[in-house]
Amino acid sequence: MKVCVALTKGRLEDQFLQYLESLSFDIEPLINKGRKLCVEAGNLQFIFAKGADVGTYVEHGIADLGIIGEDILLEYQPDVFDLFPLPFGECRFALAEAANKKPSLTKRKIATKYPNITNDYFRNTGESVDIVKLEGSVELAPVLGLSDAIVDIVETGTTLAENGLIIKEEFHPLSARCIANRSSLKIKKAFITPFIDALQGQEVLS
Ligand SMILES: Nc1ncnc2c1ncn2[C@@H]1O[C@H](COP(=O)(O)OP(=O)(O)OP(=O)(O)O)[C@@H](O)[C@H]1O
Ligand SMILES: O=P(O)(O)OC[C@H]1O[C@H](OP(=O)(O)OP(=O)(O)O)[C@H](O)[C@@H]1O
(Lines give C-alpha, C1' and ligand atoms only; values in the text may rest on other atoms or scores of the structure.)
(Ligands and ions follow the chains in the order given, each with its own letter.)
Protein backbone atom coordinates (compact mmCIF):
# COMPACT_ATOMS: atom_id res chain seq x y z
CA MET A 1 0.00 0.00 0.00
CA LYS A 2 1.38 3.43 -0.95
CA VAL A 3 1.85 6.17 1.62
CA CYS A 4 1.24 9.67 0.25
CA VAL A 5 3.31 12.53 1.69
CA ALA A 6 2.42 16.16 0.86
CA LEU A 7 5.44 18.48 0.83
CA THR A 8 5.37 22.26 1.09
CA LYS A 9 6.97 23.58 -2.11
CA GLY A 10 9.84 26.07 -1.97
CA ARG A 11 12.03 26.71 1.04
CA LEU A 12 10.69 23.83 3.16
CA GLU A 13 10.92 21.43 0.21
CA ASP A 14 14.65 22.12 -0.14
CA GLN A 15 15.24 21.73 3.57
CA PHE A 16 13.14 18.57 3.79
CA LEU A 17 15.04 16.96 0.89
CA GLN A 18 18.35 17.78 2.58
CA TYR A 19 17.01 16.24 5.78
CA LEU A 20 15.88 13.08 3.93
CA GLU A 21 19.32 12.81 2.35
CA SER A 22 20.93 13.07 5.79
CA LEU A 23 18.79 10.04 6.73
CA SER A 24 20.29 8.11 3.75
CA PHE A 25 17.04 8.31 1.73
CA ASP A 26 17.56 8.22 -2.04
CA ILE A 27 16.24 11.67 -3.01
CA GLU A 28 17.21 11.31 -6.69
CA PRO A 29 13.59 10.90 -7.96
CA LEU A 30 12.55 13.97 -5.96
CA ILE A 31 15.40 16.14 -7.19
CA ASN A 32 14.96 15.13 -10.83
CA LYS A 33 11.19 15.60 -10.89
CA GLY A 34 11.23 18.59 -13.25
CA ARG A 35 7.82 20.29 -13.13
CA LYS A 36 6.02 17.13 -11.96
CA LEU A 37 3.94 17.67 -8.81
CA CYS A 38 3.52 14.00 -7.96
CA VAL A 39 6.53 11.67 -7.68
CA GLU A 40 6.87 8.04 -6.55
CA ALA A 41 9.85 6.77 -4.56
CA GLY A 42 9.58 3.16 -3.34
CA ASN A 43 6.31 2.75 -1.46
CA LEU A 44 6.06 6.51 -0.96
CA GLN A 45 4.26 8.96 -3.19
CA PHE A 46 5.25 12.62 -2.75
CA ILE A 47 3.02 15.49 -3.79
CA PHE A 48 4.22 19.10 -3.92
CA ALA A 49 1.81 21.85 -2.86
CA LYS A 50 1.61 25.32 -1.29
CA GLY A 51 1.77 25.25 2.51
CA ALA A 52 -1.91 25.91 3.24
CA ASP A 53 -2.90 23.31 0.64
CA VAL A 54 -0.68 20.69 2.30
CA GLY A 55 -3.01 20.98 5.32
CA THR A 56 -6.06 20.62 3.05
CA TYR A 57 -4.71 17.51 1.26
CA VAL A 58 -3.89 15.87 4.59
CA GLU A 59 -7.20 16.87 6.21
CA HIS A 60 -9.12 15.34 3.28
CA GLY A 61 -7.06 12.13 3.34
CA ILE A 62 -5.58 12.60 -0.13
CA ALA A 63 -2.20 12.69 1.58
CA ASP A 64 -1.51 10.53 4.64
CA LEU A 65 1.31 12.72 5.91
CA GLY A 66 2.34 16.33 5.37
CA ILE A 67 5.40 18.49 5.88
CA ILE A 68 4.21 21.97 6.76
CA GLY A 69 5.39 25.15 8.49
CA GLU A 70 4.01 25.56 12.00
CA ASP A 71 3.08 29.15 11.04
CA ILE A 72 0.70 27.78 8.38
CA LEU A 73 -0.63 25.12 10.74
CA LEU A 74 -1.45 27.73 13.40
CA GLU A 75 -2.96 30.17 10.90
CA TYR A 76 -5.18 27.75 8.95
CA GLN A 77 -5.85 25.13 11.69
CA PRO A 78 -6.56 22.15 9.41
CA ASP A 79 -8.22 19.20 11.14
CA VAL A 80 -5.13 16.94 11.17
CA PHE A 81 -2.96 15.16 13.71
CA ASP A 82 0.11 17.27 14.54
CA LEU A 83 2.75 14.55 14.99
CA PHE A 84 6.15 16.13 15.75
CA PRO A 85 8.53 18.99 14.97
CA LEU A 86 11.25 18.65 12.34
CA PRO A 87 14.75 20.14 12.69
CA PHE A 88 14.42 22.83 10.02
CA GLY A 89 12.23 25.81 9.08
CA GLU A 90 13.04 27.34 12.45
CA CYS A 91 11.78 30.88 12.90
CA ARG A 92 9.36 32.80 15.14
CA PHE A 93 6.57 35.33 14.89
CA ALA A 94 7.42 38.97 15.47
CA LEU A 95 5.61 42.27 15.74
CA ALA A 96 7.81 44.88 14.07
CA GLU A 97 7.66 48.53 13.10
CA ALA A 98 9.84 51.27 11.63
CA ALA A 99 12.82 52.12 13.84
CA ASN A 100 11.79 55.81 13.88
CA LYS A 101 8.04 55.17 14.37
CA LYS A 102 6.26 57.63 16.66
CA PRO A 103 3.53 56.24 18.93
CA SER A 104 0.22 56.06 17.07
CA LEU A 105 -2.63 58.21 18.43
CA THR A 106 -5.30 56.37 16.43
CA LYS A 107 -6.15 52.70 15.90
CA ARG A 108 -3.07 50.98 14.47
CA LYS A 109 -3.02 49.20 11.10
CA ILE A 110 -1.12 45.91 11.16
CA ALA A 111 -0.09 44.26 7.87
CA THR A 112 0.39 40.49 7.83
CA LYS A 113 0.12 37.21 5.94
CA TYR A 114 -1.29 35.78 9.21
CA PRO A 115 -4.61 37.54 10.08
CA ASN A 116 -5.77 34.85 12.53
CA ILE A 117 -2.47 34.79 14.43
CA THR A 118 -2.44 38.60 14.48
CA ASN A 119 -6.03 38.74 15.69
CA ASP A 120 -5.22 36.31 18.54
CA TYR A 121 -2.08 38.26 19.45
CA PHE A 122 -3.94 41.58 19.77
CA ARG A 123 -6.91 39.96 21.52
CA ASN A 124 -4.40 38.93 24.20
CA THR A 125 -2.81 42.37 24.45
CA GLY A 126 -6.26 44.01 24.53
CA GLU A 127 -5.36 46.53 21.79
CA SER A 128 -7.96 47.06 19.06
CA VAL A 129 -6.24 47.15 15.62
CA ASP A 130 -7.14 47.00 11.91
CA ILE A 131 -5.53 44.08 10.10
CA VAL A 132 -4.42 44.45 6.48
CA LYS A 133 -3.92 41.06 4.78
CA LEU A 134 -0.94 40.80 2.42
CA GLU A 135 0.44 37.78 0.52
CA GLY A 136 4.17 38.45 0.95
CA SER A 137 6.94 41.06 1.20
CA VAL A 138 5.06 42.29 4.26
CA GLU A 139 8.03 44.44 5.31
CA LEU A 140 7.09 46.86 2.53
CA ALA A 141 3.86 47.90 4.25
CA PRO A 142 5.24 50.12 7.05
CA VAL A 143 8.00 51.43 4.78
CA LEU A 144 5.42 52.68 2.27
CA GLY A 145 2.86 53.79 4.87
CA LEU A 146 0.26 51.06 4.27
CA SER A 147 0.49 50.01 7.92
CA ASP A 148 1.88 51.12 11.28
CA ALA A 149 3.45 47.75 12.01
CA ILE A 150 3.63 44.14 10.79
CA VAL A 151 3.29 40.65 12.18
CA ASP A 152 5.50 38.24 10.24
CA ILE A 153 7.90 35.38 10.70
CA VAL A 154 11.51 36.25 11.35
CA GLU A 155 14.57 34.01 11.19
CA THR A 156 17.85 35.91 10.97
CA GLY A 157 16.23 39.36 11.21
CA THR A 158 18.01 40.44 8.00
CA THR A 159 14.83 41.32 6.08
CA LEU A 160 13.59 43.51 8.93
CA ALA A 161 16.96 45.23 9.44
CA GLU A 162 17.53 45.90 5.73
CA ASN A 163 14.12 47.57 5.53
CA GLY A 164 14.66 49.76 8.59
CA LEU A 165 12.30 47.81 10.87
CA ILE A 166 12.83 46.73 14.46
CA ILE A 167 11.24 43.97 16.51
CA LYS A 168 8.86 45.19 19.22
CA GLU A 169 7.97 41.71 20.44
CA GLU A 170 8.74 38.12 19.44
CA PHE A 171 6.33 35.33 20.13
CA HIS A 172 5.92 31.63 19.44
CA PRO A 173 9.03 29.73 18.28
CA LEU A 174 8.21 27.82 15.07
CA SER A 175 9.61 24.98 12.96
CA ALA A 176 8.49 22.63 10.20
CA ARG A 177 6.08 19.95 11.47
CA CYS A 178 5.07 16.49 10.34
CA ILE A 179 1.27 16.16 10.28
CA ALA A 180 -0.98 13.16 9.55
CA ASN A 181 -4.48 12.44 8.40
CA ARG A 182 -6.45 11.19 11.41
CA SER A 183 -7.83 8.04 9.72
CA SER A 184 -4.61 7.16 7.87
CA LEU A 185 -2.83 6.96 11.22
CA LYS A 186 -5.12 4.07 12.19
CA ILE A 187 -5.84 2.40 8.84
CA LYS A 188 -2.33 2.62 7.35
CA LYS A 189 -0.40 2.48 10.64
CA ALA A 190 1.87 -0.42 9.55
CA PHE A 191 2.89 1.41 6.37
CA ILE A 192 3.24 4.88 7.88
CA THR A 193 5.14 3.94 11.05
CA PRO A 194 8.51 3.07 9.43
CA PHE A 195 8.58 6.43 7.64
CA ILE A 196 7.64 8.54 10.64
CA ASP A 197 10.06 6.59 12.85
CA ALA A 198 12.80 7.32 10.32
CA LEU A 199 11.90 11.02 10.26
CA GLN A 200 12.37 11.06 14.02
CA GLY A 201 15.74 9.31 13.69
CA GLN A 202 14.41 6.07 15.19
CA GLU A 203 14.82 3.78 12.17
CA VAL A 204 16.98 3.61 9.04
CA LEU A 205 15.15 4.51 5.82
CA SER A 206 15.48 2.14 2.88
N1 LIG B 1 13.02 33.06 6.76
C2 LIG B 1 12.53 31.89 7.11
N3 LIG B 1 13.16 31.14 8.01
C4 LIG B 1 12.69 29.94 8.36
N5 LIG B 1 11.57 29.40 7.88
C6 LIG B 1 10.92 30.11 6.99
C7 LIG B 1 11.36 31.38 6.56
N8 LIG B 1 10.52 31.81 5.64
C9 LIG B 1 9.59 30.87 5.50
N10 LIG B 1 9.81 29.85 6.33
C11 LIG B 1 9.02 28.62 6.47
O12 LIG B 1 8.89 28.05 5.18
C13 LIG B 1 7.52 28.02 4.79
C14 LIG B 1 7.42 28.28 3.31
O15 LIG B 1 8.00 29.52 3.03
P16 LIG B 1 8.24 29.98 1.54
O17 LIG B 1 8.91 31.29 1.62
O18 LIG B 1 8.88 28.88 0.76
O19 LIG B 1 6.78 30.05 0.99
P20 LIG B 1 5.74 31.24 1.04
O21 LIG B 1 6.12 32.24 2.10
O22 LIG B 1 4.39 30.62 1.15
O23 LIG B 1 6.00 31.93 -0.33
P24 LIG B 1 5.45 31.58 -1.74
O25 LIG B 1 4.14 32.31 -1.78
O26 LIG B 1 6.52 32.14 -2.60
O27 LIG B 1 5.30 30.09 -1.87
C28 LIG B 1 6.84 29.05 5.68
O29 LIG B 1 5.46 28.76 5.87
C30 LIG B 1 7.62 28.93 6.97
O31 LIG B 1 7.14 27.83 7.73
O1 LIG C 1 14.51 37.01 9.24
P2 LIG C 1 14.89 36.62 7.85
O3 LIG C 1 15.97 35.56 7.83
O4 LIG C 1 15.24 37.77 6.99
O5 LIG C 1 13.63 35.88 7.20
C6 LIG C 1 12.35 36.47 7.29
C7 LIG C 1 11.75 36.63 5.93
O8 LIG C 1 11.53 35.33 5.34
C9 LIG C 1 10.16 35.23 4.96
O10 LIG C 1 9.97 35.78 3.70
P11 LIG C 1 10.04 34.94 2.36
O12 LIG C 1 11.45 34.87 1.89
O13 LIG C 1 9.35 33.63 2.55
O14 LIG C 1 9.23 35.86 1.36
P15 LIG C 1 7.74 36.44 1.51
O16 LIG C 1 7.83 37.63 2.42
O17 LIG C 1 7.38 36.85 0.14
O18 LIG C 1 6.87 35.35 2.06
C19 LIG C 1 9.44 36.14 5.97
O20 LIG C 1 8.16 36.52 5.50
C21 LIG C 1 10.40 37.30 6.10
O22 LIG C 1 10.20 38.24 5.06
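- In the nomenclature of an unreviewed UniProt entry, the chain is known as ATP phosphoribosyltransferase of Heyndrickxia shackletonii.
- UniProt lists a comment for the chain under the heading Function (unreviewed entry), and it reads "Catalyzes the condensation of ATP and 5-phosphoribose 1-diphosphate to form N'-(5'-phosphoribosyl)-ATP (PR-ATP). Has a crucial role in the pathway because the rate of histidine biosynthesis seems to be controlled primarily by regulation of HisG enzymatic activity."

**Concerning the sheet that holds strand β11 (residues 176–180)**
- Taking strand neighbours across the sheet as the criterion, the 6 strands line up as β2-β3-β1-β4-β11-β5 in an open arrangement whose pairing is mixed. Looking at which strands have only one partner, the edges of the open sheet turn out to be β2 (38–41) and β5 (81–85). Adjacent strand axes in the sheet meet at a mean angle of 25° when their direction is disregarded.
- In terms of strand pairing, β2 meets strand β3 (residues 44–49) through 4 bridges, oriented antiparallel. Bridge pairing links V39 to F46 in β3.

**Let's talk about the UniProt feature "domain: ATP phosphoribosyltransferase catalytic" (unreviewed entry) in the chain**
- Per the UniProt entry, the sites bearing "domain: ATP phosphoribosyltransferase catalytic" (unreviewed entry) are residues 52–201 in this numbering.
- Secondary structure within residues 52–201 divides into 35% helix and 31% strand; the distance between the first and last C-alpha atoms comes to 26 Å.

**Some words on the environment of A198**
- By the secondary structure assignment, A198 is in helix α9 (residues 189–199).
- Distance from A198 to T112, taken between C-alpha atoms, is 36 Å for residues 86 residues apart in sequence.

**As for the domain arrangement of the chain**
- Examined at the domain level, the chain breaks down into domain 1 (3–89 + 175–199) and domain 2 (91–173).
- Taken residue by residue, the interface counts 4 residues in domain 1 and 5 residues in domain 2.
- Taken together, the residues that form the side of domain 1 that touches domain 2 break down as 1 nonpolar, 1 polar and 2 charged.

**Considerations on unusual backbone geometry**
- For S24, which is not a glycine, the phi torsion comes out positive at approximately 70°.
- When you line up the elements, S24 lands in the loop between α1 (11–22) and α2 (28–31).
- At S137, a residue that is not glycine, the phi angle is positive and equals roughly 45°.
- If you trace the backbone, S137 turns up in the loop between β8 (130–133) and α6 (140–144).

**Some words on the nonpolar core**
- Core analysis: the biggest nonpolar cluster contains 31 residues, and V5, A6, V58, L65, I67 and I179 have the highest contact counts within it.
- Of all the elements in the fold, those that place two or more residues in this core are β1 (3–8), α1, β3, α3 (51–59), β4 (65–69), α4 (70–76), β11 and α9.
- If one sorts the elements of this core by residue count, β1 sits on top with 5 residues.
- Setting aside residues no more than four positions away along its own chain, L65 makes contact with V3, V5, V58, C178, I179, A180 and I192.
- Counting 18 residues, the second largest nonpolar core, distinct from the first, contains A96, A111, I150 and L165.

Criteria and cut-off values
- Residues numbered from 1 in each chain as written.
- Chains lettered and ligands numbered in written order.
- Predicted model: local features only at pLDDT ≥ 70, side-chain atom pairs only at ≥ 80, totals over all residues.
- UniProt positions renumbered as here; feature names shortened; annotations may be inferred.
- Pairing = 2+ DSSP bridges.
- Helix = DSSP H or I, 4+ residues; strand = E, 2+ residues; numbered from the N terminus.
- Axes fitted to C-alpha atoms, helices over the stretch in contact; angles between N-to-C directions.
- Domains from an automatic or database assignment.
- Contact = placed C-beta atoms within 7 Å.
- Nonpolar A, V, L, I, M, F, W, Y, C, P; charged D, E, K, R; others polar.
- Core = buried A, V, L, I, M, F, W, Y, C linked by C-beta atoms within 7 Å.
- Buried ≥ 20, exposed ≤ 12 C-beta atoms within 10 Å, placed from the backbone.

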